[in-house]
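Chains, contacts and geometry: an overview
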Amino acid sequence: MNGPVISLGGSIFSKNDENYLLKFIERIGKEESYALVVGGGPVARDEIARLRKIGAKEYYLDMMGIQATRLNASMVSLALGNLMEVPESIDEAVRQMKLYKRVIMGGTEPGHTTDAVSLLLAEALNRDTVVNVTNVDYLYDRDPKINGAKKVENISYSGAVEMITSEKRGAGANFPLDILSLNIARRSNIGIKIVSFRDQENVFKAITGKKFKGTTVS
Ligand code: UTP
């Protein structure tokens, strides 16, 4: 299958949302081929916060985050009955894809998030789409907590970059993509579909190229 790379946001690993994760695993397990990149979720957040309290440098916080993403990737991999190692680089992931038609990975190196990993993997595998399965249903034209925030169904790469840097949104406001990911997407013309993990039918519509509810960045 030449389907999209699927980026499973860390939020789906929270205890409260476990059912969505288990259902996703059940469903993706029916596919013969898939490329999954898995986020760090609460484990990453908690362990990074603990290390930060004792003054660890950002590099080491990232290293901790990467370990959490790989732990989650191992869980998904084992749940799917795969015994391959979780690849630690894009090159390794590409080799696994060629050998087994499946790959499940977490982070690679410090300095970015698994969103960027999913875009790099899409580049390396020559895929034209990344489906970002996350905890928001759409991008909004401002912080979705602000009254009157409007859903955005389609947006250009530069429009999304502008959104991230917009003052309206405020520093640290939750945004499902970062600028590095958008730049990689733009240079290789990879479309990014943002969908909420809470509606599985919709997630698989996005994955199989059907009309879906969510935001497309292209
Ligand atoms: P995530 O990809 O889950 O980060 O990686 P995130 O975007 O902060 O989390 P979600 O998607 O909103 O839940 C967790 C952390 O691991 C490190 C970063 O510190 C990141 O914040 N990381 C991850 C890396 O340093 N490199 C990687 O390739 C991946």
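Residues numbered from 1 in each chain as written. Predicted model: local features only at pLDDT ≥ 70, side-chain atom pairs only at ≥ 80, totals over all residues. Heavy atoms only, no water.

1. Quick look at the overall build of the protein chain
- A count of helical and extended segments in the protein chain gives eight helices and nine strands.
- Against the 2.2 N^0.38 benchmark of 17 Å for 218 residues, the protein chain shows a C-alpha radius of gyration of 17 Å, consistent with a compact globule.
- Once the C-alpha set of the protein chain is aligned to its principal axes, its extents read approximately 50 × 45 × 35 Å.
- A total of 218 residues make up the protein chain; the buried ones form 50% of that total.
- Partitioning the contacts of the protein chain with sequence separation of at least 6, the portion at a separation of at least 24 is 66%.
- As presented, the protein chain carries roughly 11400 Å² of accessible surface, and 50% of it is formed by carbon and sulfur atoms.
- With 29 positive and 26 negative side-chain charges, the protein chain shows a separation of 4 Å between the mean positions of the two kinds. (Helix = DSSP H or I, 4+ residues; strand = E, 2+ residues; numbered from the N terminus. Rg over C-alpha atoms; globule rule 2.2 N^0.38 Å. Buried < 20%, exposed > 50% of the residue type's maximum accessible area, 1.4 Å probe, protein only. Contact = heavy atoms within 4.5 Å. Areas by Shrake-Rupley, 256 points an atom, 1.4 Å probe, with all protein chains shown as cover. Lys, Arg positive; Asp, Glu negative; His and termini not counted. Charge placed at Lys NZ, Arg CZ, Asp CG, Glu CD.)

2. Quick notes on the environment of Thr108
- Position of Thr108 relative to the elements: it lies in the loop between strand E3 (102-105) and helix H5 (114-124).
- Judged by its relative accessible area of 12%, Thr108 falls in the buried class.
- For the pair Thr108 and Glu88, spaced 20 residues apart in the sequence, the C-alpha separation amounts to 5.4 Å.
- If sequence neighbours within four positions are ignored, Thr108 has contacts with Ile66, Arg70, Glu88, Ser89, Ile90 and Val117.
- A polar contact of 2.8 Å, which involves the side chain of Thr108, links it to the side chain of Glu109. (Polar contact = N/O pair within 3.5 Å; in protein donor to acceptor, adjacent residues only side chain to side chain.)

3. Digging into the pattern of salt bridges
- Per the stated rule, a full pass over the model turns up eight salt bridges.
- Of the charged contacts, one joins Arg142 and Asp141 as a salt bridge, the two residues approaching to 3.2 Å between their closest N and O atoms. (Salt bridge = Lys/Arg side-chain N within 4 Å of Asp/Glu carboxyl O.)

4. Points about the side chain of Ser118
- Within the secondary structure, Ser118 sits in helix H5.
- Exposure remark for Ser118: the relative accessible area of 1% places this residue in the buried category.
- There is a polar contact of 2.6 Å between the side chain of Ser118 and the backbone oxygen of Asp115.

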